[in-house]
Amino acid sequence: MTPAAEPPPPTVIVLASGRGERFRAAGGSGHKLQAALAGATVLDHTLAAVRASGLPWHLEDVGHPGMGDSIAAAVRATPGAAGWLILPADLPLVQPATLQAVASALAGSVQAAQPHYRGQRGHPVGFAAGCFDALSLLSGNQGAAPVLRALREARQVADIEVDDIGIVTDIDTPEELARAEALMKARLG
């Protein structure tokens, strides 16, 4: 008897459509995703983690009015995906193992999965393929929060505790960029 084939993994959607206005308003120069961080850009570090996870991925970097619009466009661009991990591109410290853990949680009976670091919810948030319609209709600045909230109410979300400060270390200000630099240097020893 042949062993059952592993289900295909979900696709990581890297959201890089934002304008980075908060970063510039806080005194940063240029776009935050192109800001230098430990010898590469913020976006380069995020994409390196995604590549190292071994999961399929899609970079959504076309300008959209809001995060919901970006998610909807990316989901519609990957209609055959086995699910999606929504990852804002300004999370350069996220670890490949965390991406894999969220993806694995979607292999169960839940419709969504969210990592936590020391009690704090973070990204990427994973959604099963059954969420296609709800995600593809999103618009505005709330992102997928309404979909996740409805799934939480239906008890369809797996919460995963991870030892990865990268899930909550986003870059919106020059101070947060400096903190990420310090955390990265500490990680590298």
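Above this text is the structure in question.
Because the structure is predicted, anything quoted here is derived from the model rather than measured. (Residues numbered from 1 in each chain as written. Predicted model: local features only at pLDDT ≥ 70, side-chain atom pairs only at ≥ 80, totals over all residues. Heavy atoms only, no water.)

(A) Representation of helix H6 (residues 145-153) within the structure. Those residues of H6 lying buried are Val147, Leu148 and Leu151. Buried residues of H6, seen end-on, are gathered within an arc of 95° and therefore sit on one face of the element. Residues of H6 that are buried sit in contact with strand E6 (112-117), strand E8 (125-128), helix H5 (132-136) and strand E9 (157-161). After H6 finishes, the residue Arg155 shows a positive phi value of roughly 55°. (Buried < 20%, exposed > 50% of the residue type's maximum accessible area, 1.4 Å probe, protein only. Helix = DSSP H or I, 4+ residues; strand = E, 2+ residues; numbered from the N terminus. Arc of directions from axis to C-beta. Contact = heavy atoms within 4.5 Å.)

(B) Main features of the pairing of E6. Of all six residues in E6, six are buried, a share of seventy percent or more. Here E6 shows a buried face lined by Ala112, Gln114 and His116 and a second buried face lined by Ala113, Pro115 and Tyr117. Both E6 and E8 contribute to a ladder of two bridges, which runs antiparallel. Across the sheet, residue Ala113 finds its bridge partner in E8, namely Gly126. Where E6 meets E9, five bridges bridge the pair, whose relative direction is parallel. Each bridged residue has a counterpart across the sheet, and for Gln114 the counterpart in E9 is Asp159. Inspection of the sheet shows E6 paired to strand E7 (residues 120-121) by two bridges, in the antiparallel sense. Residue pairing in the sheet places Tyr117 in a bridge with Gln120 of E7. (Pairing = 2+ DSSP bridges.)

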